Amino acid sequence: MAPEESVEASPLLQSFERRFLAARALRSFPWQSLEKKLRDSGSELLLDILQKTVKHPLCVKHPPSVKYVRCFLSELIRKHEAAHEEPLDELYEALAEILTAEEPPQCHRSYLLPSGDSVTLSESPAIISHGTTGLVTWNAALYLAEWAIENPAAFTHRTVLELGSGAGLTGLAICKMCHPRAYVFSDCHSLVLEQLRGNILLNGLLLESEATAPAQHPGHNTHNAESPNVTVAQLDWDIVTAPQLAAFQPDVIIAADVLYCPETVLSLVRVLQTLSACQKDQQAPDAYIAFTIRNPETCRLFTTELGKAGISWEAVPRHNQKLFPYEEHSEMEILKLML
C-alpha cells in the first residue's frame, strides 16, 4: 500500500480494530467504506485489517467467540471476492484455522486505552445469562469510562465505590487511567462477582486480600506501587445496611446502566440516600450515574425519586472523545448527584 493510501486507510483500520476487539455487531462495521477502498486499491488493505483484527496479539491471547470470528472472516472474504478476481490465501487460511477451533465457554472483549494499554474482559456471549444482565458490558459503562478518562481529576487519589460493576469495564479503565487511591467494585449476583474477580486479575490488578501474594496472574501488567487498593464487595441494595455502606468511606460513587426497571431505581435511590446520611460531618462524596435512555419514564422516575429523597442533581456536559465502539445512536446521559 502506498504511503498516501496508508494514511487515508488509517481511520478505517482503527475502526475495524476497535470494533473487532470489542466484538461489536458486524453490522456496525464500516463495510461501505471498505468496499470503496477495495475498488481503488489492491489486497494490501485486507491484509492490514487481518493483522489488526484476527491476528492482533490481544485477539490471539484472549479471543472472542469462534462464531464471531468465523462470521467476520466470511464477510471479509465476500468483500474481497466482490472486488478482486484473485483469491487471497491469507484470508482462507485464517478461516480454515477457525473452522477447526472449539467454542470456549466464555468469550473475550478488549478495549484499547489512550495510554496504549487495554482492558480485556471475559464475558458471557448472551445478553442475559444465568438470570442476570451483569455478565456483559453495556453502553453506558463505556460512556462513563470515556468521561472518566477525559476527567481523571475526579478520581485521582480518591476512594471510588462502584455500584453494580457488572463485567468491570468502567472500574478497570478508571484504575488504569485515573490513578484512584482505592477502588471498590460491587455487585450482588454470585456469578457476576466470580467473573468480576477474574477480570480484575486478568488485567493485572490484584485484589486487596491478594496484594501481598508473590505469584502474578498472567494478565496485562504486573502489580506496582501505583496500583490502587482493589476490593470486590457483594452488595444487595435491598438489604445492605448503613454501617456496611459507611465502612467503604467513598469519595466518589459511580454506577452505569443500572436504571433498567422501577424496582431497581427505588433500591438505588435508597442506597444513595443511605450513603448520604452516613457522611454526618464528613464531606459528601461525589456521585455520577450514567445510563442509556431506553425508557424515558424510568429515567423520570429516577429523577423524581431523587427529589423526594432530597438529592439534587445536574446533567454532566457531553464529553468530546469517542474511545470505545458503542452504538452511536444510543442516547446516554451522566447525572452528577449532590448527596
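As annotated in an unreviewed UniProt entry, the protein chain is FAM86 N-terminal domain-containing protein from Pipistrellus nathusii. Among the UniProt annotations of the protein chain, the heading Sequence similarities (unreviewed entry) holds the following wording: "Belongs to the class I-like SAM-binding methyltransferase superfamily. EEF2KMT family."

Q: Can you walk me through the nonpolar core in this structure?
A: General note: in soluble globular proteins, nonpolar side chains tend to be found buried as a group. Judged by nonpolar contacts, the single largest core of 45 residues is most densely connected at F155, F185, I200, I254 and F324. Ranked by the residues each element gives to this core, the list is headed by helix 7 (residues 139-150), at 9 residues. Each residue touching F155, except ones within four places of it in the same chain, is listed here: W147, A148, V160, I174, C178, H179, P180, V252 and I254. Counting 30 residues, the second-largest nonpolar core is a separate cluster that includes L21, L58, V66 and F72.

Q: Looking at this model, I keep getting lost on the side chain of S267. Mind explaining?
A: Relative to the elements of secondary structure, S267 occurs in helix 11 (residues 262-278). Among the polar contacts listed, one links the side chain of S267 to the side chain of D238, at a separation of 2.6 Å. Look past the residues within four positions of S267 in its chain and what remains in contact with it is W237 and D238.

Q: Got a minute to help me understand unusual backbone geometry in this structure?
A: Only a minority of non-glycine residues have a phi that is not negative, and only a minority of peptide bonds are not trans. Phi at A23 takes a positive value of approximately 55°, unusual for a residue other than glycine. Checked against the element boundaries, A23 lands in the loop between helix 1 (3-21) and helix 2 (31-40).

Q: What is the right way to read the pairing of strand 2 (residues 118-123) from this model?
A: Regular strands show a simple pattern: their side chains alternate between the two faces of the sheet. Of all 6 residues making up strand 2, 6 are buried, and the element is well covered by its neighbours. Of the two faces of strand 2, the one carrying S118, T120 and S122 and the one carrying V119, L121 and E123 are both buried. Inspection of the sheet shows strand 1 (residues 107-112) paired to strand 2 by 6 bridges, in the antiparallel sense. Across the sheet, S110 pairs through a bridge with T120, a residue of strand 2. The hairpin formed by strand 1 and strand 2 contains 5 residues between the paired strands, and G116 there has a positive phi angle of roughly 100°.

Q: It is not clear to me how the state of the cysteines should be interpreted in this structure. Could you clarify?
A: Two cysteines, two sulfur atoms, one covalent bond between them: this is a disulfide. Within the structure shown, the criterion is met by 0 disulfides. Between C178, a free cysteine, and C175, which holds the nearest cysteine sulfur, the sulfur-to-sulfur gap is 8.9 Å.

Q: Any chance you could explain the pairing of strand 1 here in plain terms?
A: The buried count for strand 1 comes to 6 of 6 residues, which makes it a mostly enclosed element. The two faces of strand 1 match: C107, R109 and Y111 on one face and H108, S110 and L112 on the other face are all buried.

Q: How do you make sense of helix 8 (residues 169-177) when you look at a structure like this?
A: Residues spaced three or four apart along an α-helix face the same direction, because each turn holds 3.6 residues. Within helix 8, 9 of the 9 residues are buried, which leaves the element mostly enclosed by the surrounding structure. Every buried residue belonging to helix 8 is among L169, T170, G171, L172, A173, I174, C175, K176 and M177, and all of these are buried.

Q: What am I meant to see in the pattern of salt bridges here?
A: Once the charged atoms of two side chains with opposite charge are near each other, the side chains can pair. For the coordinates displayed, the defined rule picks out 11 salt bridges. A salt bridge links R181 to D251, with the nearest nitrogen and oxygen atoms 2.9 Å apart. Note that R181 is positioned in the loop between helix 8 and strand 4 (182-187) and D251 in the loop between helix 10 (242-246) and strand 6 (252-256), a separation of 70 residues in sequence. For R181, a relative accessible area of 44% gives the class partly exposed. Taking relative accessible area as the criterion, D251 reaches 24% and is therefore assigned partly exposed. A salt bridge links E305 to K308, with the nearest nitrogen and oxygen atoms 3.3 Å apart. Of the two residues, E305 and K308 both sit in helix 12 (residues 296-308), 3 residues apart, roughly one turn of that helix. Connected via shared salt-bridge partners are E35, E75, R78 and K79.

Q: Looking at this structure, I do not really get the confidence of the model for the protein chain. What am I missing?
A: Where the model shows low pLDDT, its predicted coordinates should not be examined in detail. Across the protein chain, pLDDT averages 87, with 88% of residues at or above 70. Within the protein chain, helix 1 has the poorest average pLDDT of any element, 80, and strand 3 (residues 159-163) the best, 98. Confidence drops under pLDDT 50 across residues 210-219; counting only partners more than four residues distant or on other chains, this segment forms 11 contacts.

Q: In this structure, what is going on with the packing of aromatic side chains? I would like to understand it.
A: Working definition: an aromatic ring pair is given by the centre-to-centre distance plus the angle between the planes. All told, the structure shown has 14 aromatic pairs when counted by the stated rule. Both rings, one in F16 and one in F29, keep their centres 5.3 Å apart while their planes meet at 65°; by these two values the pair is edge-to-face. Separated by 13 residues along the polypeptide, F16 in helix 1 and F29 in the loop between helix 1 and helix 2 bring together distant segments of the chain. Like F16, the residue F29 is buried in the burial classification. Here a set of aromatic residues connected by ring pairs shows up, and it is made of F16, F20, F29, W31, Y68 and F72. Over the ring of Y326 we find K322, and its NZ or CZ is 4.1 Å from the ring centre.

Cut-off values and rules
Residues numbered from 1 in each chain as written. Predicted model: local features only at pLDDT ≥ 70, side-chain atom pairs only at ≥ 80, totals over all residues. Heavy atoms only, no water. UniProt positions renumbered as here; feature names shortened; annotations may be inferred. Core = buried A, V, L, I, M, F, W, Y, C linked by side-chain atoms within 4.5 Å. Buried < 20%, exposed > 50% of the residue type's maximum accessible area, 1.4 Å probe, protein only. Helix = DSSP H or I, 4+ residues; strand = E, 2+ residues; numbered from the N terminus. Contact = heavy atoms within 4.5 Å. Polar contact = N/O pair within 3.5 Å; in protein donor to acceptor, adjacent residues only side chain to side chain. Pairing = 2+ DSSP bridges. Disulfide = S-S within 2.5 Å. Salt bridge = Lys/Arg side-chain N within 4 Å of Asp/Glu carboxyl O. pLDDT = per-residue confidence, 0-100. Phe/Tyr/Trp six-rings, centres within 6.5 Å; stacked < 30°, edge-to-face > 60°. Lys NZ or Arg CZ within 6 Å of the ring centre and 35° of its normal.

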